[in-house]
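What the coordinates show
Here are the chains, one letter per residue:
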Amino acid sequence: MANVVVVGAQWGDEGKGKIVDWLSERADIIARFQGGHNAGHTLVINNQVYKLNALPSGVVRGGKLSVIGNGVVLDPWHLVNEIAKIREQGVDISPETLMIAENTPLILPIHGELDRAREEAASKGTKIGTTGRGIGPAYEDKVGRRSIRVADLADEATLEARVDRALQHHDPLRKGLGIEPVDRERLLNDLKAIAKEILPYAGPVWKVLNEQRKAGKRILFEGAQGALLDIDFGTYPFVTSSNVIAGQAATGVGIGPTSIDYVLGIVKAYTTRVGEGPFPTELLDEDGNRLGTRGHEFGTVTGRKRRCGWFDAALVRQTCATSGVTGIAFTKLDVLDGFETLKICVGYELDGEVLDYLPFAAEDQARCTPVYEEMPGWSESTEGARSWNDLPANAVKYVKRVEELIDCPVALLSTSPERDDTILVTDPFAD
Ligand code: IMP
């Protein structure tokens, strides 16, 4: 297949980094299409650890074009720092290897300030638990038609007009939250200074990708976060502010949906979530602690402890459907080693009825109780397994049952953070 989209099929942190790295070796172009530096992608290559937020994972592999698409919101100061850090690790990043869409909206310091001030002012039950990086306010400015976009950095008069338009909106908002008005001159000077560092990477991403696609190049679309954080289909309002599902890959770079050949959903063998919001299978007991400890479940961006729970097949079936997932990469199976019994959520009970999906209404969600199916666990280690024969029979049964329940086949099974500890069933890039 020529073009593959990778999406997280839960609440993010499904282990996308390793899979994206594995696929990016086979791709010519790696493109980010949504989110921003709220993402934390950790790659381990030849014992070197690379931590990426805004940069596509392809940058650490030589000879590839990495792309930041218009669906992303970009903090130019963070990006410049991230590039500097990655360069210190010996990676070559230049306008030949990185292109940023000219129509990408910028995240400004005022967005981060607003994000954090709102979270501080929020009462219990309304706090989202954001990463505090200004993602939501930057997307609000995009749909409010007052963003400063990458292309605007090229012309000082346009930049000044855009800043004034943004401040007309932001100053009254800030006043309401008790934040002082924006220092216009400072913001303009900072933007003019960063413009010189960002503009060399700016280009018409939609055009380049369409040309490259026609020339037969393989494009990997690298999703961030997870489909349950999608602004439309996630657990609203406890979501991120972008569309995360696979359809966004097309609008987030400017190719048509017909150019997407395969959607790989990344699915963790259990469930985690950072931040607030509904989580029907959350475990607040010893089993939950054990998943967190064995799975090293701490956020890469904020360091927060992730909430942990049983695998929710009803929710993953839903995300596989809304993203049109062709096959899944099933990760962190080894974290389940040693559990006597495993539970899988297959639906929800609501007012005496069993639903096979999670309804959108918040009051209904709060009253839904998971319906579980129990399966025997396994005592043997699955860590590092590289073939089905290396897996205990009960682990194979667990994976097969998950496939049935989510109505989607396993394409890859990952059994440790090491890239070679993977069982390959279907290569998403294979013709
Ligand atoms: P925001 O994206 O910073 O606005 O945060 C909104 C919600 O998405 C919060 O619950 C965050 O914890 C969550 N979130 C944002 N980015 C990620 C991610 O990369 N992994 C997991 N959760 C995320």
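Just so it is clear, the structure is predicted and the values come from calculations on it, not from any experiment.

What follows concerns the site of the ligand. The full set close to the ligand counts 15 residues, and Asp13, Asn38, Thr131, Thr240 and Arg304 are the nearest of them. In the environment of the ligand, an oxygen atom lies 2.6 Å from a nitrogen or oxygen atom belonging to the side chain of Thr131. Residue Val274 places a main-chain N or O atom 3.2 Å away from an oxygen atom belonging to the ligand. If the ligand stood free it would expose 470 Å²; the protein chains cover 95% of that surface. Among the residues forming the shell around the ligand, the class breakdown is six nonpolar, seven polar and two charged.

A few words now on the packing of aromatic side chains. Here the distance between the centres and the angle between the planes together describe a pair of aromatic rings. Inspection of the entire model under this criterion finds five aromatic pairs. Judged by centre distance (6.0 Å) and plane angle (85 degrees), the rings of Phe311 and Phe330 are edge-to-face. Of the two residues, Phe311 is situated in strand β12 (residues 311-312) and Phe330 in strand β13 (residues 327-331); the sequence distance between them amounts to 19 residues. Phe330 matches Phe311 in its accessibility class, with the two residues each being buried. When the ring of Phe330 is compared with that of Tyr398, the centres are 6.4 Å apart and the planes differ by 35 degrees; the resulting orientation is tilted. Remark: Tyr398 occurs in helix α12 (residues 393-406) and Phe330 occurs in strand β13; sequence separation between them is 68 residues. For the pair shown, Phe330 and Tyr398 are each scored as buried. Aromatic ring contacts, followed pair by pair, group Phe311, Phe330, Trp378 and Tyr398 into a single cluster. Directly above the ring of Trp22 sits Arg26, whose terminal nitrogen or CZ lies 3.6 Å from the centroid.

Moving on: the packing of helix α3 (residues 109-121) against helix α4 (residues 135-143). Two elements in contact, α3 and α4, have axes separated by 7 Å at closest approach and are oriented at 120 degrees. Relative to α4, the element α3 lies oblique. As α3 packs across α4, the resulting crossing turns out to be right-handed. Each of His111, Leu114, Asp115 and Arg118 in α3 lies in contact with α4, whose residues at this interface are Ile135, Pro137, Ala138, Glu140 and Asp141. Of the residues that constitute the contact of α3 with α4, the class distribution is four nonpolar, one polar and four charged.

Take helix α9 (residues 286-294) next. Among all positions of α9, only Gly288, Leu291 and Gly292 are buried. Projection of α9 onto a plane perpendicular to its axis shows the buried side chains occupying an angular sector of 95 degrees, all on one side. In α9, the exposed residues that point more than 90 degrees away from the buried face are Glu286 and Thr293. Packing partners of the buried residues in α9 comprise β11 (307-309). Its side-chain oxygen placed 3.1 Å from the backbone nitrogen of Asp287, Asp285 serves as the N-cap of α9. In the segment just after α9, His296 is the residue with positive phi, at about 50 degrees.

Let us look at the pairing of strand β5 (residues 65-68). Alternating positions in β5 separate into two faces, Leu65 and Val67 on one and Ser66 and Ile68 on the other, with burial throughout. Note that strand β2 (residues 29-32) and β5 share four bridges and pair parallel. Residue pairing across strands places Ile30 opposite Ser66, the latter belonging to β5. For the crossover from β5 across helix α2 (residues 76-88) to strand β6 (residues 98-101), the handedness is right-handed.

With that settled, the discussion passes to the packing of α3 against helix α5 (residues 156-176). It is at 12 Å that the axes of α3 and α5 come closest, and there the two elements cross at 30 degrees. The orientation of α3 relative to α5 falls into the category roughly parallel. Read as a crossing pair, α3 and α5 show a hand that is left-handed. Along the contact surface, α3 presents Ile110, His111, Glu113, Leu114 and Arg118, while α5 presents Leu167, His170, Leu173 and Arg174. Counted by class, the contact of α3 with α5 contains four nonpolar, two polar and three charged residues.

Here the focus is the side chain of Thr422. Along the chain, Thr422 turns up in strand β18 (residues 422-424). Polar contacts involving the side chain of Thr422 include one to the main-chain carbonyl oxygen of Arg419, which spans 2.8 Å. Setting aside anything within four residues of it in sequence, one finds Thr422 in contact with Lys18, Ala385, Arg386, Leu412, Leu413, Ser414 and Thr415.

In terms of domain boundaries, the protein chain breaks down into domain 1 (4-101 + 202-262), domain 2 (109-198) and domain 3 (267-424). Contact residues are listed per partner, giving 25 residues for domain 1 and 17 residues for domain 2. Here domain 1 and domain 2 share an interface that buries about 1,700 Å² over both sides, 72% of which is from carbon and sulfur atoms. Three residues stand out in domain 1 for area buried against domain 2, namely Val73, Trp77 and Phe238, and they jointly supply 34% of the buried area on that side. Counting across the interface, domain 1 meets domain 2 through zero salt bridges. At the junction of domain 1 and domain 2, the tally comes to three residue pairs in polar contact (both at pLDDT 80 or more). For the side of domain 1 that touches domain 2, the secondary-structure elements that each account for two or more residues are α2 and β6. Here the side of domain 1 that touches domain 2 gets five residues from one element, more than from any other, and that element is α2. Considered class by class, the residues forming the side of domain 1 that touches domain 2 number 13 nonpolar, 12 polar and no charged.

Conventions adopted
- Residues numbered from 1 in each chain as written.
- Predicted model: local features only at pLDDT ≥ 70, side-chain atom pairs only at ≥ 80, totals over all residues.
- Heavy atoms only, no water.
- Near = heavy atom within 4 Å.
- Polar contact = N/O pair within 3.5 Å; in protein donor to acceptor, adjacent residues only side chain to side chain.
- Areas by Shrake-Rupley, 256 points an atom, 1.4 Å probe, with all protein chains shown as cover.
- Nonpolar A, V, L, I, M, F, W, Y, C, P; charged D, E, K, R; others polar.
- Phe/Tyr/Trp six-rings, centres within 6.5 Å; stacked < 30°, edge-to-face > 60°.
- Helix = DSSP H or I, 4+ residues; strand = E, 2+ residues; numbered from the N terminus.
- Buried < 20%, exposed > 50% of the residue type's maximum accessible area, 1.4 Å probe, protein only.
- Lys NZ or Arg CZ within 6 Å of the ring centre and 35° of its normal.
- Axes fitted to C-alpha atoms, helices over the stretch in contact; angles between N-to-C directions.
- Parallel < 35°, antiparallel > 145°, perpendicular 65-115°, else oblique.
- Left-handed = near helix turned anticlockwise from the far one by under 90°.
- Contact = heavy atoms within 4.5 Å.
- Arc of directions from axis to C-beta.
- Pairing = 2+ DSSP bridges.
- Right-handed = clockwise from strand over helix to strand, strands pointing away.
- Domains from an automatic or database assignment.
- Buried area = accessible area lost by both parts, 1.4 Å probe.
- Salt bridge = Lys/Arg side-chain N within 4 Å of Asp/Glu carboxyl O.

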